[in-house]
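Remarks on the overall topology
Chain by chain, the residues run as shown.
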Amino acid sequence: MRGQWFIDGTWQPLEEEESNLIEQEHLNRFRGQQLQESFDMEVSKPVDGKEAIHSLKLSRNHVDWHSVDEVYLYSDATTSKIARTVTQKLGFSKASSSGTRLHRGYVEEATLEDKPPQTSHIVFVVHGIGQKMDQGRIIKNTAMMRDTARKIEEKYFSNLATHVEFLPVEWRSKLTLDGDTVDSITPDKVRGLRDMLNSSAMDIMYYTSPLYRDELVKGLQQELNRLYTLFCSRNPEFEEKGGKVSIVSHSLGCVITYDIMTGWNPVRLYEQLLQKEEEELEDRWMSYEEQRLLEELYITKQRLREIEERLHGLKASTISKPPVLKFKVENFFCMGSPLAVFLALRGIRPGNSGSQDHILPRTICNRLLNIFHPTDPVAYRLEPLILKHYSNISPVQIHWYNTANPLPYDHMKPSFLNPTKEPTSVTDSESVSTVPSPTTSPVMVRRHYGESITNIGKASILGAASIGKGLGGMLFSRFGRSSTTTPQTLETGKDGAEGGDDKKATTVGTPPLPHSSSGFLEPTVELEHRIDFELREGLVESRYWSAVTSHTAYWSSLDIALFLLTFMCKHDQEDTDKSNLDTI
């Protein structure tokens, strides 16, 4: 940003139009006069005894010069004039009571080298539903995310070469979709609420509609490609120097971004289902006549496909052609994402491999990370879609931004949520109480992560009463599990749910991984990289209130800003650490 006249204290530049008028007047009046050697940093230096030697009227303000380097700006609004009159009658000077001191030139001399570092990593920030209701919201949200990231970058990553830039992707406002058809069929009663739902939840219905889904996908794809092309044209060295691109998507934006990257299309899913039906038909017994007709149908369909392909080639149709991005995605961060539900409804089921390729191939995107608040009602977990037993493993807890020496995420060990057998009654609990594990006690079907200390305490006491175990041991084991919500975590700087001390507390006298005769928990298979990452709940946070607010609380979180930068600056950090070790 360039500027000539700056406001005292904040050092914010004046508006360019006003600044040019003041500069022109200043040069006309004071050209050739000697300035002081250095900037006068005494902000509140009084000018009580000095009369204004020159004045300039602007549209909403006026400027008084008391000397060549004592310049004050005054507002000409009616309220400001009244306040100025009152304070002057009380004996205060005009400048000290209502004036804003201006400086010609910044607090430090500018040099040619004064410019922001070259951007080496860009992050496209994609919005979800509701953008029609508040069109500028994604720009404000991205600005909040950028500001928090800058604070974290200055504090923790100032010595690294990586510079991350966040760019908003506003894809909704350009789409026409049904025009005003939905508005025309909306009843007038409680119109405000109906309009709000039409502007927000309706986006989900549009996306599940075969008529409008492609328009939403193309809208986001074209905007991503347009912004990338524009950025590269203005930063020609970005691609040459191996600049990287990540995407942060929120809510429904995660699903659309995923479909763009993978090229998923409901038409292709329908074709796969038809093919499956044909295979099933071939497997069952049928008469000669049925078999002959089926073969004829198969040949006809084959011929039809060939003709369609030739026609698509001539028309260059894109009906089944997957959308293509002009860049490789390094990291795909999902925030408050319902992607897992969409994938489950499309038939994705857990496999036997711990690879991310099961849902998103690494050739398309290097790393998938799913961030959510424990009370966000829209967010779902992705890990159990890859390996089923991860529904029993808690998500990785995201470090607080002010944690001292946090354990690296890759080094954090899994911690379990569920007992080996889920008791549904006191009798069931007693029948498995011989297993020396603290997770086999209470009448709870499943202990959800994010339990409050009070609830865990109640469960511990109930378990101790019903089984007859020592109350002290039960409380120790239960509170050992919930150390993620104790204030001690802040002091120790270690992750309670994932740290080694916590693991020891939860697995006293038990094998490191629970076994099951059904093979539900497979101790030999683990994920290559963790995908689900959970924000920590506040100690005094109301669950019901945070369920309402948590879905939109990601943008200004310093914890998330640190998390994003940790993964985006990971390789740069490792190279720096390695060079430091080599030096030592």
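Structure's up top.
Just so you know, these numbers come straight off a predicted model, no measurement behind them.

Sheet architecture is open: five strands sit in the order β1-β5-β4-β3-β2, paired in antiparallel fashion. Of all strands in the sheet, those with a lone pairing partner are β1 (5–7) and β2 (54–57), marking the two edges. The sheet shows a mean angle of 30 degrees between the axes of neighbouring strands, taken without regard to direction. In the sheet, β2 pairs with strand β3 (residues 61–67) via four bridges, with the strands oriented antiparallel. Each bridged residue has a counterpart across the sheet, and for His 54 the counterpart in β3 is Trp 65. Of the strands in this sheet, β1, β2, β3 and β5 (100–104) touch helix α1 (residues 16–30), which is tilted by about 30 degrees from β3.

Moving on, we get to the pairing of β3. Among the seven residues that make up β3, seven are buried, leaving the element largely enclosed by the rest of the structure. Where β2 folds back on β3, the antiparallel hairpin that results is connected by three residues. Where β3 hands over to strand β4 (residues 70–75), the hairpin turn is made up of two residues, counted between the paired strands.

Right, let's get into the packing of helix α4 (residues 137–156) against helix α20 (residues 558–568). Between α4 and α20, whose axes approach to 9 Å, the crossing angle comes to 65 degrees. Once α4 is placed against α20, the crossing between them reads as right-handed. Contact residues: Met 145, Thr 148, Ala 149, Ile 152, Glu 153 and Tyr 156 in α4; Leu 558, Ala 561, Leu 562, Leu 564 and Leu 565 in α20. Of the residues in the contact of α4 with α20, the class split is nine nonpolar, one polar and one charged.

Here the focus is the environment of Val 126. When you line up the elements, Val 126 lands in strand β6 (residues 121–126). For the pair formed by Val 126 and Leu 167, sequence separation is 41 residues and the distance between their alpha carbons is 8.9 Å. Leaving out residues up to four positions away in the same chain, Val 126 has contacts with Ile 138, Val 169, Trp 171, Leu 220, Leu 224, Ile 247, Val 248, Ser 249, His 250, Gly 253 and Thr 257.

Our focus in this paragraph is the pattern of salt bridges. Evaluation of the coordinates by the stated rule reveals 21 salt bridges. In this structure, the salt-bridge partner of Arg 292 is Glu 289, at a minimum N-O distance of 2.9 Å. On the criterion of helical spacing, the pair formed by Arg 292 and Glu 289 is a turn pair, its members being three residues apart in helix α12 (residues 288–315). Its relative accessible area of 35% is what places Arg 292 among the partly exposed residues. Residue Glu 289 is classed as partly exposed on the basis of its relative accessible area of 40%. Residue Asp 410 pairs with Lys 570 through a salt bridge whose shortest N-O separation is 2.6 Å. On the criterion of sequence distance, the pair formed by Asp 410 in the loop between β11 (396–397) and α14 (426–431) and Lys 570 in helix α21 (residues 570–583) is long-range, its members being 160 residues apart. A relative accessible area of 43% means that Asp 410 is categorised as partly exposed. Via salt bridges that share partners, Arg 146, Arg 150, Glu 153 and Glu 165 belong to a single interconnected network.

This part takes up unusual backbone geometry. Phi is positive for Trp 11, close to 60 degrees, though the residue is something other than glycine. Mapped onto the elements, Trp 11 comes out in the loop between β1 and α1. With a phi angle near 40 degrees, Val 190 is a residue other than glycine that sits in the positive phi range. Along the polypeptide, Val 190 turns up in the loop between α5 (181–184) and α6 (191–199). Under the relative-accessibility criterion, Val 190 is labelled exposed at 54%.

All right, on to the nonpolar core then. With 54 residues, the main nonpolar core has Phe 124, Ile 256, Phe 327, Phe 332 and Leu 382 as its most contacted residues. The element that contributes the greatest number of residues to this core is helix α8 (residues 213–234), accounting for eight residues. Residues contacting Phe 124, with those up to four places away along its chain left out, are Leu 167, Val 169, Leu 224, Leu 227, Tyr 228, Val 245, Ser 246, Ile 247, Val 248 and Phe 327.

Moving on, we get to the packing of α8 against helix α10 (residues 252–262). It is at 10 Å that the axes of α8 and α10 come closest, and there the two elements cross at 80 degrees. Judged by the inter-axis angle, α8 sits roughly perpendicular to α10. Between α8 and α10, the residues in contact are Arg 213, Leu 216, Val 217, Leu 220 and Gln 221 and Gly 253, Ile 256, Thr 257, Asp 259 and Ile 260, respectively. Its residues assigned to classes, the contact of α8 with α10 shows five nonpolar, three polar and two charged.

Reading guide: rules and limits
- Residues numbered from 1 in each chain as written.
- Predicted model: local features only at pLDDT ≥ 70, side-chain atom pairs only at ≥ 80, totals over all residues.
- Heavy atoms only, no water.
- Pairing = 2+ DSSP bridges.
- Helix = DSSP H or I, 4+ residues; strand = E, 2+ residues; numbered from the N terminus.
- Axes fitted to C-alpha atoms, helices over the stretch in contact; angles between N-to-C directions.
- Contact = heavy atoms within 4.5 Å.
- Buried < 20%, exposed > 50% of the residue type's maximum accessible area, 1.4 Å probe, protein only.
- Left-handed = near helix turned anticlockwise from the far one by under 90°.
- Nonpolar A, V, L, I, M, F, W, Y, C, P; charged D, E, K, R; others polar.
- Salt bridge = Lys/Arg side-chain N within 4 Å of Asp/Glu carboxyl O.
- Core = buried A, V, L, I, M, F, W, Y, C linked by side-chain atoms within 4.5 Å.
- Parallel < 35°, antiparallel > 145°, perpendicular 65-115°, else oblique.

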